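# Survey of secondary and tertiary structure
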Amino acid sequence: KNEVEQSPQNLTAQEGEFITINCSYSVGISALHWLQQHPGGGIVSLFMLSSGKKKHGRLIATINIQEKHSSLHITASHPRDSAVYICAVSRNTGNQFYFGTGTSLTVIP
Amino acid sequence: DGGITQSPKYLFRKEGQNVTLSCEQNLNHDAMYWYRQDPGQGLRLIYYSQIVNDFQKGDIAEGYSVSREKKESFPLTVTSAQKNPTAFYLCASSIRRTSGVYDNEQFFGPGTRLTVL
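My aim in this report is to walk through the structure given alongside it, one point at a time.

About the thresholds
- Residues numbered from 1 in each chain as written.
- Chains lettered and ligands numbered in written order.
- Predicted model: local features only at pLDDT ≥ 70, side-chain atom pairs only at ≥ 80, totals over all residues.
- Heavy atoms only, no water.
- Contact = heavy atoms within 4.5 Å.
- Buried area = accessible area lost by both parts, 1.4 Å probe.
- Salt bridge = Lys/Arg side-chain N within 4 Å of Asp/Glu carboxyl O.
- Polar contact = N/O pair within 3.5 Å; in protein donor to acceptor, adjacent residues only side chain to side chain.
- Helix = DSSP H or I, 4+ residues; strand = E, 2+ residues; numbered from the N terminus.
- Core = buried A, V, L, I, M, F, W, Y, C linked by side-chain atoms within 4.5 Å.
- Buried < 20%, exposed > 50% of the residue type's maximum accessible area, 1.4 Å probe, protein only.
- Phe/Tyr/Trp six-rings, centres within 6.5 Å; stacked < 30°, edge-to-face > 60°.
- Lys NZ or Arg CZ within 6 Å of the ring centre and 35° of its normal.
- Pairing = 2+ DSSP bridges.

Moving on, we come to the interface of chain B and chain A. Residue-level contacts link 26 residues of chain B with 23 residues of chain A. Interface area, chain B with chain A, both sides summed: about 1900 Å², of which 50% is carbon and sulfur. Inspection of the region where chain B meets chain A yields zero salt bridges. At the surface where chain B touches chain A, the tally comes to two residue pairs in polar contact (both at pLDDT 80 or more). Among the secondary structure elements, those contributing two or more residues to the side of chain B that touches chain A are strand 4 (31–37), strand 5 (44–51) and strand 9 (87–94) of chain B.

With that out of the way, let us pick up the nonpolar core. Residues Leu32(A), Trp34(A), Phe47(A), Leu72(A) and Tyr85(A) are the most contacted members of the largest nonpolar core, which totals 24 residues. Elements that contribute at least two residues to this core include exactly strand 3 (19–25), strand 4 (31–37), strand 5 (43–49), strand 7 (59–64), strand 8 (69–74), strand 9 (83–90) and strand 11 (103–108) of chain A. Sequence-distant contacts of Phe47(A), that is, excluding residues within four places in its chain, are made with Leu32(A), His33(A), Trp34(A), Lys54(A), Lys55(A), His56(A), Leu59(A), Ile60(A), Ala61(A) and Leu72(A). Ranked by size, the runner-up nonpolar core spans 20 residues in total, among them Tyr47(B), Tyr64(B), Leu76(B) and Tyr89(B).

Moving on, we come to the packing of aromatic side chains. Here the structure, examined in full by the defined rule, presents eight aromatic pairs over all chains. Between the aromatic rings of Tyr33(B) and Tyr48(B), the centroid separation amounts to 6.3 Å while the plane-to-plane angle is 20°, which identifies the pairing as stacked. Here Tyr33(B), found in strand 4, pairs with Tyr48(B), found in strand 5; they are 15 residues apart in sequence, far enough to count as distant. You'll find Tyr33(B) and Tyr48(B) in the same group, each marked buried. The interplanar angle of 65° and the centroid separation of 5.9 Å between the aromatic rings of Tyr64(B) and Tyr89(B) together place this pair among those described as edge-to-face. Placement of the pair is Tyr64(B) in strand 7 (residues 64–66) and Tyr89(B) in strand 9, with a sequence separation of 25 residues. An aromatic cluster of three or more residues is present, and its members are Phe97(A), Phe99(A), Tyr33(B), Tyr35(B), Tyr48(B) and Phe108(B). One Lys or Arg, Arg68(B), reaches over the ring of Phe74(B) and ends 6.0 Å from the middle of that ring.

Moving on, we get to the pattern of salt bridges. On inspection of all chains with the given rule, the structure shows four salt bridges over all chains. Of the charged contacts in the structure, one is a salt bridge between Asp81(A) and Arg58(A), with a shortest N-O distance of 2.9 Å. You can see Asp81(A) sitting in the loop between strand 8 and strand 9 and its partner Arg58(A) sitting in the loop between strand 6 (52–56) and strand 7, a full 23 residues away along the chain. Taking the relative accessible area as the measure of exposure, Asp81(A) reaches 6% and is therefore buried. Salt-bridge contacts for Arg36(B) lead to Asp38(B); the nearest nitrogen and oxygen are separated by 2.8 Å. Each of Arg36(B), Asp38(B) and Arg44(B) takes part in a single network of salt bridges with overlapping partners.

We now examine the pairing of strand 3 of chain A. Residue and element names in this part refer to chain A. Of the two faces of strand 3, only one is covered, namely that formed by Ile19, Ile21, Cys23 and Tyr25; the face formed by Thr20, Asn22 and Ser24 stays uncovered. Relative to strand 3, strand 1 (residues 4–7) runs antiparallel, the two being bridged by four bridges. Within the sheet, the bridge partner assigned to Gln6 lies in strand 3 and is Cys23.

A regular strand places its side chains so that they alternate between the two faces of the sheet. All names here are of chain B. On strand 11 (residues 112–116), burial follows the alternation: Thr112, Leu114 and Val116 on one face are buried, whereas Arg113 and Thr115 on the facing-out side are not. Alignment of strand 2 (residues 10–13) against strand 11, held across four bridges, turns out to be parallel. Bridge pairing links Leu11 to Leu114 in strand 11.

Dropping the structure here:
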């Protein structure tokens, strides 16, 4: 069983749609991370959060520590948002991260 | 510009050969990591190093070796003992974790795609 589960695995949306990607985890964490991986393979960090909600432009990330659940929302989606979105958690012990399998998002013009 | 570089971007290897993947960072980060990414799976940790001349095995270290002679560099050698080396390899770095609630984020390189022929 993976420590981090994401859904959906694949997502296709029309430009302008509101998108939600979900992440559940089963271990104690010190922080949860949302990452973006473009087709070339490089990964960039979008959010790091341990409580509440963060917003960058059209992206919003929320976390519910009690329910061990996080969501990434994209408002007014655009084709350039097409990428793989990865949820990861870092734990209190050690310096290791645990990664979800990713959600592949395609936004159609 | 500060960042992490990995080379080469694409690498082809014949079975039975060792190959070394380069990872360099100029972010002055203490910790460096190597991950492997396979289709349909999350990133898996191969090795990590928190300080120079020290490194620890991750979840899938068999068939791999690393060194950390300089703070800026953390090369990964894929040996012939690695049974399924074809994968995408990502290097990352972070400031050494300090006590407290918040972990520092990891910064990733562009990756190296290794194919065994």
